[in-house]
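Report on the structure
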Amino acid sequence: MKIGALEAGGTKMVCAIGDENGNIFERISIPTETPEVTVPRLIEYFSDKKIEALGIGCFGPIDLNRNSETYGYITTTPKIPWRNFDMVGAFQKALHVPVGFDTDVNGSALGEATWGITKGLENSVYITIGTGVGMGIISNGKVLHGMMHPEAGHIILKKHPLDQYEGKCPYHKTCLEGLAAGPAIEARWGKKGIELADRKEVWELEAYYIGQALVDLILVLSPQKIVLGGGVMHQEQLLGLVKEEVKKQLNGYIKTKEMEDLDEYIVLPSLNDNQGIMGAIRLALDEKEGIKRV
Ligand code: ADP
Ligand code: ZN
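This structure is a prediction, so every number in the text was calculated from the model and none was measured.

This part takes up the packing of aromatic side chains. Tallied over the entire structure, the rule returns four aromatic pairs. Ring geometry for tryptophan 82 versus phenylalanine 85: centroids 5.6 Å apart, planes at 80 degrees, classification edge-to-face. The residues tryptophan 82 and phenylalanine 85 share a single accessibility class, namely buried. A connected cluster of aromatic rings, assembled from ring pairs, spans Phe59, Trp82 and Phe85. The positively charged end of lysine 49 is found above the aromatic ring belonging to tyrosine 45, 4.0 Å away from the centroid. A cation over a ring is seen here: lysine 79 above phenylalanine 59, with NZ or CZ 5.1 Å from the ring centre.

At the metal site, the zinc ion (ligand 2) is ligated by His154 (ND1), Cys169 (SG), His172 (ND1) and Cys175 (SG), and these contacts range over 2.1 to 2.4 Å. Classification of the site at the zinc ion (ligand 2) as tetrahedral follows from its four donor atoms and the range of 102 to 118 degrees in their angles at the metal.

For the structure shown, the criterion picks out twelve salt bridges. With its nearest N and O atoms 3.3 Å apart, the salt bridge here joins glutamate 186 to lysine 192. Residue classification places glutamate 186 among the partly exposed residues on the basis of a relative accessible area of 33%. Close ionic contact of glutamate 204 with lysine 200 constitutes a salt bridge, the shortest N to O distance being 3.0 Å. A residue pair is termed a helical-turn pair when its members lie 3 or 4 positions apart in one helix, as glutamate 204 and lysine 200 do in helix H6 (residues 200-221) at four residues. By relative accessible area, which is 34% here, glutamate 204 ends up partly exposed. On the basis of relative accessible area, lysine 200 is assigned to the exposed category, the value being 55%.

Thresholds, definitions, all that
- Residues numbered from 1 in each chain as written.
- Chains lettered and ligands numbered in written order.
- Predicted model: local features only at pLDDT ≥ 70, side-chain atom pairs only at ≥ 80, totals over all residues.
- Heavy atoms only, no water.
- Phe/Tyr/Trp six-rings, centres within 6.5 Å; stacked < 30°, edge-to-face > 60°.
- Buried < 20%, exposed > 50% of the residue type's maximum accessible area, 1.4 Å probe, protein only.
- Lys NZ or Arg CZ within 6 Å of the ring centre and 35° of its normal.
- Donors = N, O, S within 2.8 Å, 3.2 Å for Na, K, Ca; no water.
- Tetrahedral: all angles 85-135°; square planar, octahedral: opposite > 155°, others 65-115°.
- Salt bridge = Lys/Arg side-chain N within 4 Å of Asp/Glu carboxyl O.
- Helix = DSSP H or I, 4+ residues; strand = E, 2+ residues; numbered from the N terminus.

Right, dumping it as structure tokens:
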């Protein structure tokens, strides 16, 4: 079975053709310009591939409420040309196949939960820490949507007493994204994260914030595993520091076998950066089979 997968990002669109086992046969990347320019190119790529369904993991916010008139639209994005664009409708009209749709990070969470490191777990969280922070939550075997979809990259954090930086988020300043995403690191220290590798204090502070967010998630969602992805996590010293912070900040309150073995509990993605595109395949399959994640 040939399945189309689209990872729709703010800077590039990754299109791929795969199958129901998560194999990927081919892929291309197209820069994200305006819908008028970019969408016809995407449709052209998929149109002669004989796909049976398409899955889209999309930058957001997006409308995932199937009862809404704007289901399948990109909604209040700061990328103005894409605001109120009917993603699902555009591809359905052109390709005449079922179109599965979810956020990019929910896609990554699903990719890992279907073929990767959280396979077989009913409850997991996938977090990407890059230009922004996004979270995909799988709860009782389903991607959590709720009112729209979680925006847990914006949970408000307690600032470190020695941190002078005001925070970068235009809405909240000191949310997780505002304090710990790549652009916040750069604004606080005056250099890109990759150039700060030997500055221990940079990564200790980063771990303090990521650890704080993880503690909140552990307490609220009780996940069985947490996956940390995104460009900032390429900083190799960070994962160990985050685990230390989680242990310190939880302070022994949760006693489970998972908490005894944080190396197995807080992990990096396992699908060689294919988790997003593989998750889009899963979205396509679910849509084709009529599995509604309500
Ligand atoms: P995006 O979020 O745009 O999809 P990425 O997940 O690759 O892209 O994240 C990009 C961010 O990650 C940038 O802010 C960049 O500075 C930061 N970054 C990339 N590599 C590293 C690294 N090795 N150490 C620290 N930060 C990094
Ligand atoms: Zn915010």
